[in-house]
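Each chain, letter by letter, is given below.
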Amino acid sequence: MTTVTSTEDGKELAPVRTESLAALLVTRERPPRPSSLSTSLTFGWRAILKIKHVPEQLFDVTAFPIMNLLMFTYLFGGALAGSPSEYIQFVLPGILVMSVVMITMYTGVSVNIDIEKGVFDRFRSLPIWRPSAMVGYLLGDALRYTIASAVMLTVGLALGYRPGGGIGGVLAGIALLLVFSFAFSWIWTMFGLMLRTEKSVMSVSMMVIFPLTFLSNVFVDPRTMPGWLQAFVNNSPITHLAAAVRGLMAGDWPAGEVAWSLGWAGLFLLVFGPVTMRLYNRK
Amino acid sequence: MSTQASGLAVETAGLVKTFGETRAVDGVDLAVPAGTVYGVLGPNGAGKTTTVKMLATLLRPDGGEAHVFGHDVVREADEVRGRVSLTGQYASVDEDLTGTENLVLLGRLLGHGKKAARHRAGQLLETFGLTDAAAKQVKHYSGGMRRRIDIAASILSTPDLLFLDEPTTGLDPRSRNQVWDIVRAVVAQGTTVLLTTQYLDEADQLASRIAVIDKGRVIAEGTKGELKASVGAGSVHLRLRDPDQRAEAHQVLRTALAAEVQLEPDPVALTARLAAEPGDGAADRAARALAELSRAGITVDNFSLGQPSLDEVFLALTGHDTKDEVAA
């Protein structure tokens, strides 16, 4: 039985071939259940395909960080460190941390868009390891963070940034930043599932991320701040992370700050991971 | 093919889901025989989608029980997910990806190897007449193509139970017929299909048993024949040439059809609702009534025999029409 149809635009749409459909449906055995690693990587592949089809989304991880870097280096450089080229030695790792942590918030937005667009429930109805869809988003995002880091370092080097830690130190700094961002992003997956619209996810994210990144040691030494603010800034996860990345890139081994950063990362993962999965299962 | 001891693909008892104050599903009992198409018929907001989402493990019931092939949808959700597939507006495919990418993605998630997933994707696209669109992003597909890729995505691994939530809403008649052909082919291979729809004729075309849902409750359930018998066989609409003949026509029709005949606001129009009578088709009775009218010298300008519409089914079963539902 075959039927011929045409779409609205008048183009002939090929008929559905019910005989071959019947042949396709005959096999009923299912392949073995895929591993959690395999499904997570498959979702990561989906995120990469989306970058391929919608390359505009890379704007967030290229133009935005470059703008940050140029703006803050030349705006504050003269006043804070005597000259922009002096200041960039201090500020680049910080701006790198700030920019990458800021772009983590797009994770929540993309989760929310998927729910809106209607692909989400198909994933949820699959017999797979439950967190793999979420881990997949974050794997795709890890690629975006890597691109952002590479772009900023390239521009930074051109502007005169000279990391004392060499390639090893720089890579260690970026690795720590990626691990932290992966863990931190579970806050956004939670909001992506919890809030109703893309806009509300965006505004809540802004309200968290702006104070968190600015009230840190990214731009200035906290010792210049009033005491009550120092209390907050010195204990902020972003301060620890920025100090650790700065140290690693400069060739030091800031063990304490690295431990603090990893500790915070573990805490974010342990708190917001389960909350995200609870929302995901109950949505 | 899977046959459970009970022979039921889906069994629910007193299923309840509330959203705040609203009881979206208010004690639904269903028994869907394996290997058949089961229609769940009801207007917007009746609770069809909520019921399907609970059966597909996407929503947790607030009360009652539901089993799919004997597995509890809450306690054994993973077993259920391994047997079912779902297509609805909310369980679609990724618009940013191409047809091929979507099918390969889902094939991989179901555990097919890279090569096997590509192969199956290619076969499905060809079968569904989408080979030319395989490399296009799904957001550029027409409505009919979109529905095809949605269904293709649901049968990447042949499911034992396929949920089709309003698969033809918004489609033109031609695309709708094609979706129907696909459903028939799927069920012919032994997959149970649970179909929700707002259209009586769709349930009529495809389903062997139908449950009518209204305000979260099953208000009628049975075979197509049983259901139709409860609402009548359809309505005859007549327009006469001469309004002065209407009173006489009214008499003739009442005797010939043994049915209630209504005078419409239009002075030349009449409507008769036919009761269902086994062994005597509505069309035969209408033809006899027409012959009687012409023997009485009454000229009929326009005549139509309509199947009972969903509105009429609802009116008959609930005493209110479907439009009341939308606000509820």
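Basis of the calculations
- Residues numbered from 1 in each chain as written.
- Chains lettered and ligands numbered in written order.
- Predicted model: local features only at pLDDT ≥ 70, side-chain atom pairs only at ≥ 80, totals over all residues.
- pLDDT = per-residue confidence, 0-100.
- Contact = placed C-beta atoms within 7 Å.
- Helix = DSSP H or I, 4+ residues; strand = E, 2+ residues; numbered from the N terminus.
- Nonpolar A, V, L, I, M, F, W, Y, C, P; charged D, E, K, R; others polar.
- Pairing = 2+ DSSP bridges.
- Axes fitted to C-alpha atoms, helices over the stretch in contact; angles between N-to-C directions.
- Core = buried A, V, L, I, M, F, W, Y, C linked by C-beta atoms within 7 Å.
- Buried ≥ 20, exposed ≤ 12 C-beta atoms within 10 Å, placed from the backbone.

Points about the confidence of the model for chain B
Residues and elements named next belong to chain B. Summarising the model, chain B shows a mean pLDDT of 87, and 93% of its residues fall at 70 or more. Per-residue pLDDT stays below 50 along residues 324-328; that stretch engages in 8 contacts with residues further than four places along the chain or on separate chains. Across the interfaces of the predicted complex, the ipTM metric reaches 0.85, alongside a pTM of 0.82.

Description of the interface of chain B and chain A
Taken together, the contact between chain B and chain A spans 50 residues of the former and 42 residues of the latter. Taken together, the elements giving at least two residues each to the side of chain B that touches chain A come down to α2 (77-81), α3 (99-109), α4 (114-127), α5 (143-154) and α6 (173-188) of chain B. It is α6 of chain B that contributes the most residues to the side of chain B that touches chain A, 9 residues altogether. A per-class count over the side of chain B that touches chain A returns 19 nonpolar, 20 polar and 11 charged.

As for the sheet that holds strand β11 (residues 234-240) of chain B
Residues and elements named next belong to chain B. The 4 strands are arranged β12-β13-β11-β14 in an open sheet whose pairing can be described as antiparallel. Both outer strands of the open sheet, β12 (261-263) and β14 (300-306), are each paired with one neighbouring strand and no more. Direction aside, neighbouring strands of the sheet carry axes that sit 20° apart on average. Relative to strand β13 (residues 269-274), β12 runs antiparallel, the two being bridged by 3 bridges. Note on β13: the bridge partner recorded for Val 261 is Ala 272. Here helix α10 (residues 282-295) sits on the sheet and contacts β11, β13 and β14; the angle it forms with β14, its principal contact strand, is near 165°.

Considerations on the nonpolar core
Judged by nonpolar contacts, the single largest core of 147 residues is most densely connected at Val 97 and Val 245 of chain A together with Val 183, Leu 194 and Leu 195 of chain B. It is helix α4 (residues 84-103) of chain A that provides the largest number of residues to this core, a total of 12 residues. Ignoring sequence-local partners within four residues, the contact set of Leu 194 of chain B consists of Val 10, Val 32, Tyr 38, Val 40, Val 52, Leu 161 and Phe 163 of chain B. Judged by nonpolar contacts, the second largest core, of 15 residues, contains Leu 253, Ala 259, Val 261 and Leu 274 of chain B.

With respect to the environment of Gly 94 of chain A
Residue and element names in this part refer to chain A. Within the element layout of this structure, Gly 94 appears in helix α4. For Gly 94, a count of 23 C-beta atoms within 10 Å corresponds to the buried category. Each C-alpha atom, one on Gly 94 and one on Val 218, is 4.4 Å from the other, the two residues being 124 residues apart in sequence. Discounting residues that sit within four places of it in the chain, Gly 94 has contacts with Val 218, Phe 219, Ala 242 and Arg 246.

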